[in-house]
Amino acid sequence: MIIDKIPELNHSYTPLFLKTLNRHIIQCLNDEEGDNTFPELLRCIEIRHKVIIRELERLSGDDRKEFAKNESEIQAHLDKMANKLLKAYKDKLLEFKRAKAALKRYE
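All figures in this text were calculated on a predicted structure; none of them were measured in a lab.

Undergrad: In this structure, what is going on with the overall build of the chain? I would like to understand it.
TA: A count of helical and extended segments in the chain gives three helices and zero strands. Start at the N end of the chain and walk to the C end: the helices and strands fall as α-α-α. Over its C-alpha trace the chain gives a radius of gyration of 18 Å, far above what one expects of a compact globule, namely 13 Å for 107 residues. With the C-alpha coordinates aligned to their principal axes, the bounding extent of the chain is approximately 70 × 20 × 20 Å. The 107 residues of the chain split such that 29% are buried. When contacts within the chain are restricted to residue pairs at least 6 apart in sequence, long-range pairs at least 24 apart make up 63% of them. Side-chain charges in the chain split into 21 positive and 19 negative, and the spacing between the mean points of these groups amounts to 4 Å.

Below is the structure:
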């Protein structure tokens, strides 16, 4: 598995739909065959962004500040995981290219 530990994506201000979406994101990140779920993960992240923006518009005062603070922390974790995934896919691609070049030498 590329991702060591997936952080909790929910907090006390997380609305129900976002909790469901977060659970689906975690399932995608836990998928051993991540190549197949990458488009689904991307779609969920895009929807997540829209839900967070909508929730920020709906909330006000201290609730809005707390929600934004919590989501900022979660986003930092998601960014770290995305960078790990990106590096892992780049490493896989480099390995594949090297193997392909080695095979060509034997043709």
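Undergrad: Is there a simple way to explain the environment of Y13 in this structure?
TA: With respect to the helices and strands, the residue Y13 is situated in the segment before α1 (16-30). You can call Y13 partly exposed: its relative accessible area is 28%. Filtering out sequence-adjacent residues up to four positions away, Y13 remains in contact with D63, E66, F67 and N70.

Undergrad: Please explain the pattern of salt bridges as it appears in this structure.
TA: If the charged atoms of two oppositely charged side chains come close together, the side chains can form a pair. Enumeration over the complete set of coordinates arrives at four salt bridges. Across the pair E71 and R48 runs a salt bridge whose closest N-O atoms are separated by 2.8 Å. Linking E71 in helix α3 (residues 61-105) with R48 in helix α2 (residues 34-58), this pair joins segments that are 23 residues apart in sequence. With its nearest N and O atoms 2.9 Å apart, the salt bridge here joins D91 to K87. Of this pair, D91 and K87 both sit in helix α3, four residues apart, which is roughly one turn of that helix. By relative accessible area, which is 38% here, D91 ends up partly exposed.

Undergrad: Explanation requested: the nonpolar core in the structure shown.
TA: Across soluble globular proteins, nonpolar side chains show a tendency to be buried alongside one another. Grouped together as the largest cluster of nonpolar side chains are 18 residues, with contacts concentrated most on L18, I25, L29, L41 and F67. For this core, the secondary structure elements donating two or more residues are α1, α2 and α3. Aside from chain neighbours lying at most four places away, what touches L41 is I25, C28, L29 and L85.

Undergrad: Just to check I follow, could you spell out the environment of T20 for this structure?
TA: Tracing the chain through its elements places T20 in helix α1. Here the alpha-carbon distance between T20 and D63, two residues 43 residues apart in the chain, equals 21 Å.

How each quantity is defined
Residues numbered from 1 in each chain as written. Predicted model: local features only at pLDDT ≥ 70, side-chain atom pairs only at ≥ 80, totals over all residues. Heavy atoms only, no water. Helix = DSSP H or I, 4+ residues; strand = E, 2+ residues; numbered from the N terminus. Rg over C-alpha atoms; globule rule 2.2 N^0.38 Å. Buried < 20%, exposed > 50% of the residue type's maximum accessible area, 1.4 Å probe, protein only. Contact = heavy atoms within 4.5 Å. Lys, Arg positive; Asp, Glu negative; His and termini not counted. Charge placed at Lys NZ, Arg CZ, Asp CG, Glu CD. Salt bridge = Lys/Arg side-chain N within 4 Å of Asp/Glu carboxyl O. Core = buried A, V, L, I, M, F, W, Y, C linked by side-chain atoms within 4.5 Å.

Bear in mind that shape data such as this cannot, by itself, settle questions of function.
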